[in-house]
Amino acid sequence: MTNTVEIRHVTHAYRTPNGPLPVLDNLSLAIPEGAFCAVVGPSGCGKSTLTRLIAGLMKPDQGEVFLHGEAVRGPRSTVGMAFQNPVLLEWRSILDNVILPLEIVAPRMPRRDRVARARELLALVGLEGFEDKRPSELSGGMRQRASLCRAIVHKPEVLILDEPFGALDAFTREDLWQTMHALRRQEPFTTLLITHDLRESLFLADEVVVLSGRPATAQYRMAVPGGTARTLDDLYTPDAAERLNLLRHQIQIAQGRAEVPA
Amino acid sequence: MSLRRIAIPVLAILIFLGLWEALVWWNQWPNYRMASPSDLGPAYIRYAELFVVMGWQTLWRTVAGLLLAVVFGTALGMVMGFSRTMRDALYPLLVGFNAVPKATVVPIVALMFVGAHDFNTVLIAFMISFFPIAVSVSIGLSTLEPEYRDILRSLGASKLTIFRKIALPKTLPEFFGALKVSVTLAFIGTNLMEIVSPHGRGLGALFDSGRTNSDYPLMFAVLLALAGLGIVLYYIVVALERIFAGWADRSPT
């Protein structure tokens, strides 16, 4: 199996007035094609830096990022992004917000095809009938659904999610997790999810990677079986509880609050 | 609903004129102390032709200055909004320039371009009104959340595309807010030139001739005509705002 995303020995530091601030330290990470990788770690450990590196929005000091075996030199149209803030364009309808990436990536695509593609995705996330609404007329959860549609409308190889469910209430969040599974069953993309929610990572991901505190390196990896067949009930089994405990303990280590087991 | 939207402001204006009339009547003021609205009708009728000709002169020169201010202010705002260095470099200059009272600039401009009255008037209207536009555009652009840019930048969109699709429309509400301020400022600029350095053109010159001829009702009639022009231009901007940035209006409809 080929790796869609491969991060090899990446080290990066931000230049600040008080000298360099190292954020990533020899971090390596691989996500196989079609897989879903969740990255968890303490606050400010460089998770968002990771997303910007993969998106080609910045270059690491050392090491390299590969997409489909090709080194990332700059932004590329095969990436889709969604953030905690849905950043929808208020002056466009929901439909036209979803279409936006196609205007950049496929300027020659007929409007009719764009609309059909956007409608198909909006229906998939339960936003049928809201196509002509403005973002301000939708709830936070609905806005985030539209944002997800926009992130995948151009069929990106890699979907980068930077805490997209972080600002939602617990019930809405669980709804969106299920929407995420539904999307994955329909659309072929490889996902990197940044999150602070361990249950979220267990529900959505095939592999959970715990980053250490700053400068971050991959401290712990956990493969999670089940894929998109998982249900919310699976989060309340003894097996899930054990996994959650393991991850929580790893986070505490990353925060420097627990001893590393011998 | 729309009848209500017209009726309420019209009623407010009528009440204002009524109070004004009552104030003059109650105090028994002669019209050289303060003209009352009922004195203005004859002035308008007597000088109707002059009002039309000079009102048009004031209007077109104000609009020309305003258009210049929009073009230059937007360009300057873009430069300052996108480049930190330019922002740091230009802000003090701009604030200093804006702090100079334009009444002191009028004689200087009049000397620099002797006789070019139309040009001078447009220039002053422009100079007084571009500042709010430049500042609001630059703030709108520099406060654009990075995520907005990243959505398109991560797809390899050019800077120009990002500006056209995101930065420009997102800045429009701020731009129109500034334009509403600039409209009234531009009128001040035009009239400054027309009154301080009169060349017999524009409503400012009509005001001035009212002053020299002790025609007090005429002076007040000019003030009201200027207010009327200002209101008309302001509502034109409001209409444009509704067309181009109506999405920013969140009031329940």
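Residues numbered from 1 in each chain as written. Chains lettered and ligands numbered in written order. Predicted model: local features only at pLDDT ≥ 70, side-chain atom pairs only at ≥ 80, totals over all residues. Heavy atoms only, no water.

- As recorded by an unreviewed UniProt entry, chain B carries the name ABC transporter permease and is attributed to Paracoccus gahaiensis.
- The Sequence similarities (unreviewed entry) comment attached to chain B in UniProt states, word for word, "Belongs to the binding-protein-dependent transport system permease family."
- Per UniProt, the comment on chain B under Subcellular location (unreviewed entry) is "Cell membrane". (UniProt positions renumbered as here; feature names shortened; annotations may be inferred.)

- Under an unreviewed UniProt entry, chain A has the name ABC transporter ATP-binding protein and belongs to Paracoccus gahaiensis.
- As recorded by UniProt, the Sequence similarities (unreviewed entry) comment attached to chain A reads in full: "Belongs to the ABC transporter superfamily."

## Considerations on the UniProt feature "domain: ABC transporter" (unreviewed entry) in chain A
Turning to step 1, where the next piece is worked out: Listed under "domain: ABC transporter" (unreviewed entry) in the UniProt record, and renumbered for this structure, are residues 5-238 of chain A.
Turning to step 2, where the next piece is worked out: Along residues 5-238 of chain A the backbone is 31% helical and 28% strand, and the end-to-end C-alpha distance reaches 32 Å. (Helix = DSSP H or I, 4+ residues; strand = E, 2+ residues; numbered from the N terminus.)

## Here's the deal with the domain arrangement of chain B
Residues and elements named next belong to chain B.
Turning to step 1, where the next piece is worked out: Here the domain parsing of chain B yields domain 1 (1-30) and domain 2 (37-248).
Turning to step 2, where the next piece is worked out: Computed over C-alpha atoms only, the centres of domain 1 and domain 2 are separated by 28 Å.
Turning to step 3, where the next piece is worked out: At the junction of the two partners, domain 1 supplies 4 residues and domain 2 supplies 6 residues.
Turning to step 4, where the next piece is worked out: Taking both sides of the interface into account, the surface hidden between domain 1 and domain 2 amounts to around 520 Å²; carbon and sulfur atoms contribute 69%.
Turning to step 5, where the next piece is worked out: In this structure, the connection of domain 1 to domain 2 is made through 0 salt bridges.
Turning to step 6, where the next piece is worked out: In this structure, the connection of domain 1 to domain 2 is made through 1 residue pair in polar contact (both at pLDDT 80 or more).
Turning to step 7, where the next piece is worked out: Its residues placed into classes, the side of domain 1 that touches domain 2 shows 2 nonpolar, no polar and 2 charged. (Domains from an automatic or database assignment. Contact = heavy atoms within 4.5 Å. Buried area = accessible area lost by both parts, 1.4 Å probe. Salt bridge = Lys/Arg side-chain N within 4 Å of Asp/Glu carboxyl O. Polar contact = N/O pair within 3.5 Å; in protein donor to acceptor, adjacent residues only side chain to side chain. Nonpolar A, V, L, I, M, F, W, Y, C, P; charged D, E, K, R; others polar.)

## A look at the sheet that holds strand β8 (residues 190-194) of chain A
Sheet strands pair via backbone hydrogen bonds, and the direction of the pair is either parallel or antiparallel.
Residues and elements named next belong to chain A.
Turning to step 1, where the next piece is worked out: Here we have 6 strands laid out as an open sheet, ordered β6-β7-β8-β3-β9-β10, and mixed in their pairing. A single partner strand is all that each edge strand has here, and the edge strands are β6 (79-83) and β10 (218-223). Within this sheet the neighbouring strands show an average axis-to-axis angle of 15°, counted without direction.
Turning to step 2, where the next piece is worked out: Each of β6 and β7 (158-162) touches helix α4 (residues 140-152); the most contacted strand, β6, lies at about 165° to it.
Turning to step 3, where the next piece is worked out: Where helix α7 (residues 238-254) meets the sheet, its contacts fall on β3 (36-40), β9 (207-211) and β10, and the angle it forms with β10 comes to roughly 175°. (Pairing = 2+ DSSP bridges. Axes fitted to C-alpha atoms, helices over the stretch in contact; angles between N-to-C directions.)

## A closer look at the pairing of strand β1 (residues 3-16) of chain A
Residues and elements named next belong to chain A.
Turning to step 1, where the next piece is worked out: Bridge count for β1 against strand β2 (residues 19-32) is 10 bridges, and the pairing is antiparallel. Across the sheet, residue Val-5 finds its bridge partner in β2, namely Ile-31.
Turning to step 2, where the next piece is worked out: Joining the antiparallel neighbours β1 and β2 is a turn of 2 residues.
Turning to step 3, where the next piece is worked out: Pairing analysis gives 5 bridges linking β1 to strand β4 (residues 62-67), with the strands arranged antiparallel. Note on β4: the bridge partner recorded for Ile-7 is Val-65.

## Considering unusual backbone geometry
Residues and elements named next belong to chain A.
Turning to step 1, where the next piece is worked out: Backbone geometry at Asn-26 places phi at a positive 50°, although glycine is not the residue there.
Turning to step 2, where the next piece is worked out: Structurally, Asn-26 is set in strand β2.
Turning to step 3, where the next piece is worked out: The exposure class assigned to Asn-26 is partly exposed, which follows from its relative accessible area of 40%.
Turning to step 4, where the next piece is worked out: You will see that Val-87, though not glycine, has its phi angle at about 35°, which is positive.
Turning to step 5, where the next piece is worked out: Within the fold, Val-87 resides in the loop between β6 and α2 (94-105). (Buried < 20%, exposed > 50% of the residue type's maximum accessible area, 1.4 Å probe, protein only.)

## Some words on the UniProt feature "transmembrane region" (unreviewed entry) in chain B
Residues and elements named next belong to chain B.
Turning to step 1, where the next piece is worked out: Summarizing the sequence annotation, UniProt attributes the feature "transmembrane region" (unreviewed entry) to residues 7-26, 59-82, 89-116, 122-144, 175-196 and 216-240 in the numbering used throughout.
Turning to step 2, where the next piece is worked out: End C-alpha atoms of residues 89-116 are separated by 32 Å, and the span's content is 79% helix alongside 0% strand.
Turning to step 3, where the next piece is worked out: The annotated region residues 216-240 carries 100% helix and 0% strand content, and the separation between its end C-alpha atoms amounts to 37 Å.

## Some remarks on the interface of chain A and chain B
Turning to step 1, where the next piece is worked out: Between chain A and chain B, the contact holds 25 residues from the first and 17 residues from the second.
Turning to step 2, where the next piece is worked out: Buried surface at the junction of chain A and chain B, summed over both partners, amounts to about 1,900 Å²; 71% is from carbon and sulfur atoms.
Turning to step 3, where the next piece is worked out: Broken down residue by residue, the surface that chain A buries against chain B is led by Leu-57, Trp-91 and Ile-104 of chain A, which jointly contribute 32%.
Turning to step 4, where the next piece is worked out: Inspection of the chain A/chain B interface yields 2 salt bridges.
Turning to step 5, where the next piece is worked out: Glu-103 of chain A serves as the salt-bridge partner of Lys-165 of chain B, at 2.7 Å between the closest nitrogen and oxygen.
Turning to step 6, where the next piece is worked out: In this assembly, chain A and chain B are joined by 4 residue pairs in polar contact (both at pLDDT 80 or more).
Turning to step 7, where the next piece is worked out: A breakdown of the residues in the side of chain A that touches chain B according to their chemical character gives 14 nonpolar, 4 polar and 7 charged.

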